[in-house]
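Spelled out from the first residue to the last, the chains are:
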Amino acid sequence: MYRGKEGMLAWMAHRAAGIGIFLFLVAHIIDISLMGFGPKTFNKMLHLYTNPVARLGEVLLLAAVLFHALNGVRIGIIDFVPGGVRVHRAMFYAVIILFLVVFIPAAYILLRDIIL
Amino acid sequence: MAGRIFRGSFELYSWLFMRISGAVIAVLVIIHLIYLHFLIGVEKIDFSVVASRWSSSGWRIFDLVMLLLALAHGGNGVRIVLEDYLRKRVWRIAALTVLGIVWVALIVIGTHVILTFDPSSLQEARVVS
């Protein structure tokens, strides 16, 4: 199931999203650790996250987290639910549909103040 | 597989851990995102927001559990990816050593700030803003 179409595509996207989330986690632990340096340092650093490029990054992060979580549920069903592996392809499309249903309105909410 | 670093039943526990921790992290991260990114919003988060959250020990425990599970899950994920693409044993050992050092440093930095943060500095934040 990991060769060729949907299975491999899901596996590749899961890895790419996972690596991306990990890199953000590294940055996020360092930025929040600045809480220990007082409000001036912390607020100055946090201001970096309000620029439009960072706001797009926030939406990209949401996409990565959402896909990784939904596909993670798919992997759990494949591994633990009897017969789950037989519907792995259908579940991949379910992941895509659920992803779009949540992501599109969520991305709009996150970006509405800079789009409008 | 040649050049394998982890032996025995480690990979079985790794496989099981990724599925269990993944399910827990998914729930914690959804709460974290809805609260901070949708109800508050990134542009409104500042020192006093984080400080007032950390004046509650419940949120500190929440953040600590999420931090440690995410680091364990993410660190193990990166380990698996590195072992997949690095064929030579020397490169594997080098990459895993760097990952290990960064990983331990992040656990120390993250745990330290959550556990030692002094909420009385909230007063200071009000004065500054």
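Since the structure is predicted, the reported quantities are computational estimates derived from the model, not experimental observations.

Caption draft 1: Broad picture of the overall build of chain A. Secondary structure assignment for chain A yields four helices and zero strands. The order of α-helices and β-strands along chain A, N terminus first, is α-α-α-α. Taken against the 2.2 N^0.38 rule, which gives 13 Å for 116 residues, the C-alpha radius of gyration of chain A at 18 Å runs more than 25% over that of a compact globule. The C-alpha extent of chain A, read off along each of the three principal axes, is 55 × 35 × 20 Å. Residue burial in chain A is summarised as follows: out of 116 residues, 21% are buried. Within chain A, counting contacts between residues at least 6 apart in sequence, those at least 24 apart form 70% of the total.

Caption draft 2: Representation of the overall build of chain B within the structure. When helices and strands are counted, chain B shows five helices and zero strands. When its helices and strands are written in sequence order, chain B yields α-α-α-α-α. Here chain B holds 129 residues, and 12% of them are scored as buried. Taking all contacts inside chain B whose residues are at least 6 apart in sequence as the whole, residues at least 24 apart take part in 79%.

Caption draft 3: Representation of the interface of chain B and chain A within the structure. On the chain A side, the residues contacting the 28 residues of chain B number 29 residues. Those elements that place two or more of their residues in the side of chain B that touches chain A are helix H1 (10-40), helix H2 (47-53), helix H3 (57-85), helix H4 (89-116) and helix H5 (121-128) of chain B. The biggest single contributor to the side of chain B that touches chain A is H1 of chain B, with seven residues. Grouping the constituent residues of the side of chain B that touches chain A by class yields 17 nonpolar, seven polar and four charged.

Caption draft 4: Local environment of H4 of chain B. Taking 1.5 Å per residue as the helical rise, H4 of chain B with its 28 residues ought to reach 40 Å, and the 40 Å between its terminal C-alpha atoms agrees with that figure. Looking at H4 of chain B, one finds that the buried residues are Leu-106, Gly-110, Val-113 and Ile-114 of chain B.

Caption draft 5: Region of interest: the packing of helix H1 (residues 6-33) of chain A against H4 of chain B. Packing of H1 of chain A against H4 of chain B brings their axes to within 9 Å, and their N-to-C directions diverge by 40°. With respect to H4 of chain B, the axis of H1 of chain A lies oblique. Handedness of the crossing formed by H1 of chain A with H4 of chain B: left-handed. Here Val-26, Ile-29, Ile-30, Ile-32 and Ser-33 of chain A of H1 of chain A come into contact with H4 of chain B, specifically with Leu-106, Ile-109, Gly-110 and Val-113 of chain B.

Caption draft 6: Structural detail: the nonpolar core. Judged by nonpolar contacts, the single largest core of 14 residues is most densely connected at Met-35 of chain A together with Phe-47 of chain B. Only helix H2 (39-46) of chain A together with H2, H3 and H4 of chain B provide two or more residues apiece to this core. If you look at the next biggest cluster of nonpolar residues, it comprises twelve residues, including Ala-17, Val-65, Leu-66 and Leu-70 of chain A.

Caption draft 7: Structural detail: the packing of H1 of chain A against helix H3 (residues 52-80) of chain A. Residues and elements named next belong to chain A. Contact geometry of H1 with H3 gives a least axis separation of 9 Å together with a crossing angle of 130°. Classed by the angle they form, the pair H1 and H3 counts as oblique. Considering how the two elements wind past one another, H1 and H3 form a crossing that is left-handed. Residues Ala-10, Ala-13, His-14, Ala-17, Gly-18, Gly-20, Ile-21 and Phe-24 of H1 form the contact with H3, whose participating residues are Leu-61, Ala-64, Val-65, Phe-67, His-68 and Asn-71. Partitioning the contact of H1 with H3 into residue classes produces nine nonpolar, five polar and no charged.

Caption draft 8: Broad picture of the environment of Val-113 of chain B. Along the polypeptide, Val-113 of chain B turns up in helix H4. The sequence separation of Val-113 of chain B and Leu-33 of chain B amounts to 80 residues, and the corresponding C-alpha distance is 20 Å. Ignoring anything within four residues of it in the chain, the contact list for Val-113 of chain B reads Ile-32, Ser-33, Met-35 and Gly-36 of chain A.

Caption draft 9: Looking closely at H3 of chain A. With 29 residues, H3 of chain A extends 42 Å from end C-alpha to end C-alpha; this agrees with the ideal 42 Å at 1.5 Å per step. Residues Ala-64, Val-65, Leu-66, Phe-67, His-68, Ala-69, Leu-70, Asn-71, Gly-72 and Arg-74 of chain A constitute the buried set of H3 of chain A. Buried residues in H3 of chain A make contact with H1 and helix H4 (88-115) of chain A together with H1 of chain B.

Conventions used here
- Residues numbered from 1 in each chain as written.
- Chains lettered and ligands numbered in written order.
- Predicted model: local features only at pLDDT ≥ 70, side-chain atom pairs only at ≥ 80, totals over all residues.
- Helix = DSSP H or I, 4+ residues; strand = E, 2+ residues; numbered from the N terminus.
- Rg over C-alpha atoms; globule rule 2.2 N^0.38 Å.
- Buried ≥ 20, exposed ≤ 12 C-beta atoms within 10 Å, placed from the backbone.
- Contact = placed C-beta atoms within 7 Å.
- Nonpolar A, V, L, I, M, F, W, Y, C, P; charged D, E, K, R; others polar.
- Expected span 1.5 Å × (residues − 1).
- Axes fitted to C-alpha atoms, helices over the stretch in contact; angles between N-to-C directions.
- Parallel < 35°, antiparallel > 145°, perpendicular 65-115°, else oblique.
- Left-handed = near helix turned anticlockwise from the far one by under 90°.
- Core = buried A, V, L, I, M, F, W, Y, C linked by C-beta atoms within 7 Å.

Everything listed is a geometric property; what it means functionally is a separate question.
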